[in-house]
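Read off the chains here:
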Amino acid sequence: RVRDVIVPALADSLTTVDPSHAEQYRVRARRLSATLTRLDNDIRTRLARAPRRGYVAFHNAWRYFAQRYDLHELGVVEESAGEEPSPRDLGELTRRAKAAGVPAILIEPQLSPRSARTLAAEFGGTTIVVDPLGDWSDPERNDYTRLMRFNARAFALALGAVNKDGGKP
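Points about the confidence of the model for the protein chain
Phase 1: Per-residue confidence for the protein chain gives a mean pLDDT of 90; residues scoring 70 or more make up 95%.
Phase 2: Predicted confidence in the protein chain is weakest over helix H5 (residues 114-122), with a mean pLDDT of 87, and strongest over helix H2 (residues 22-48), with 97.

Observations concerning the pairing of strand S1 (residues 54-57)
Phase 1: Burial of the side chains of S1 extends over both faces: Gly-54 and Val-56 are buried on one face and Tyr-55 and Ala-57 on the other.
Phase 2: Relative to strand S2 (residues 72-76), S1 is paired through four bridges, and the arrangement is parallel. Bridge pairing in S2 places Ala-57 opposite Val-76.
Phase 3: Once the chain exits S1 it traverses helix H3 (residues 63-68) before rejoining the sheet at S2, and the crossover so formed is right-handed.
Phase 4: Bridge count for S1 against strand S3 (residues 104-107) is two bridges, and the pairing is parallel. Note on S3: the bridge partner recorded for Val-56 is Ile-105.

Some remarks on the nonpolar core
Phase 1: Counting 28 residues, the largest nonpolar core has Ile-43, Leu-47, Tyr-55, Phe-65, Leu-71, Leu-106 and Phe-155 as its most contacted members.
Phase 2: Broken down by secondary-structure element, the contributors of at least two residues to this core are helix H1 (2-17), H2, S1, H3, S3 and helix H6 (144-158).
Phase 3: With seven residues, H6 is the largest single contributor of residues to this core.
Phase 4: With sequence-adjacent residues up to four places away left out, Phe-155 is seen in contact with Leu-47, Tyr-55, Trp-62, Phe-65, Leu-71, Leu-106 and Val-130.
Phase 5: By size, the runner-up hydrophobic cluster in this structure holds 12 residues, among which are Val-56, Phe-58, Val-77 and Leu-93.

Some details on unusual backbone geometry
Phase 1: Residue Asp-70 is not a glycine yet carries a positive backbone phi of 55°.
Phase 2: Examined against the element boundaries, Asp-70 turns out to sit in the loop between H3 and S2.
Phase 3: Asp-70 sits in the partly exposed class, given a relative accessible area of 48%.

Quick look at the sheet that holds S3
Phase 1: Pairing is parallel across the open sheet formed by four strands, whose spatial order is S2-S1-S3-S4. The open sheet has two edge strands with one neighbour each: S2 and strand S4 (126-129). Between one strand axis and the next, the sheet turns by 40° as a mean value, whatever way the strands run.
Phase 2: By the bridge criterion, four bridges tie S3 to S4 in an arrangement that is parallel. Among the inter-strand pairings, Ile-107 is bridged to a residue of S4, identified as Val-129.
Phase 3: Against the sheet, helix H4 (residues 87-100) makes contact with S1 and S2, and its axis sits at roughly 150° relative to S2, the strand it touches most.
Phase 4: Against the sheet, H6 touches S1, S3 and S4, its axis set at about 165° to S4.

Side note on H6
Since the α-helix turns once every 3.6 residues, residues separated by three or four places project in the same direction.
Phase 1: For H6, which comprises 15 residues, the first-to-last C-alpha distance of 21 Å matches the rise-based estimate of 21 Å (1.5 Å per residue) to within 8%.
Phase 2: Among the residues of H6, Leu-147, Met-148, Phe-150, Asn-151, Ala-152, Ala-154, Phe-155, Ala-156, Leu-157 and Ala-158 are the ones counted as buried.
Phase 3: Just downstream of H6 lies Gly-160, where phi reads positive at about 85°.

Cut-offs and rules
All residue numbers refer to positions counted from 1 along the written sequence of the respective chain. Thresholds applied to this predicted model are a pLDDT of at least 70 for local features of residues and 80 or more for the giving and counting of side-chain atom pairs; totals over whole chains, interfaces and linings are not thresholded and use all residues. As a rule here, side-chain values come from all non-hydrogen atoms in the structure, and water together with hydrogens is ignored. Residue-level confidence of the predictor is summarised by pLDDT, bounded by 0 at the bottom and 100 at the top. The numbering of helices and of strands both runs from the N terminus, where a helix is a DSSP run of H or I of at least 4 residues and a strand a run of E of at least 2. Exposure is judged per residue with a 1.4 Å probe applied to protein chains only, and the accessible area is read against the type maximum: over 50% gives exposed, under 20% gives buried, and values in between give partly exposed. Paired strands, in this sense, are two strands between which DSSP finds at least two bridges. By definition, the crossover connecting two strands over a helix is right-handed if that path, from the first strand to the second, turns clockwise as seen with the strands pointing away from the viewer. Joining through side-chain atoms within 4.5 Å is the link that ties buried Ala, Val, Leu, Ile, Met, Phe, Trp, Tyr and Cys residues into a set, and such a set is a nonpolar core. Throughout, a contact is declared for two residues whenever any of their heavy atoms are within 4.5 Å. Think of each axis as a best-fit line through the C-alpha atoms, taken over the contacting stretch in the case of a helix, with angles from 0 to 180 degrees between the N-to-C directions. A helix is expected to span 1.5 Å for every residue after the first.

Here is the structure:
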């Protein structure tokens, strides 16, 4: 979506407000699009090796990512930020996670992992950090391509494509 929608719109907007540098904006947009195409291919290749397609996330921030890479959200811990799941909701999510063989719940550094850790313990799983926002102070998450690679590694781990040490299962 960034490559196909945002980059062209940004280049067009910059060209409109600064037509004297239009060619520079178009060249940079083409370079960025090429970088994002490589990134997309890398992520697609990494996730294609995953033995599972279903995942459980803390909340529904990953639906576009999942759609792009043919992943399936089995459920989320919190439908809305700060809204604790009911015991019934946790039970149903635990059942789905066990049935699908989910090894981990994807959590985010911006949100409390308490209920996700409780749920993961219920089905014998763990938690793995993904980040929808990034962190300028972390070299793994301080720009868009690094952040997307970070998240792809986390998804691969949560889908069973790699072990925690980075090797294949």
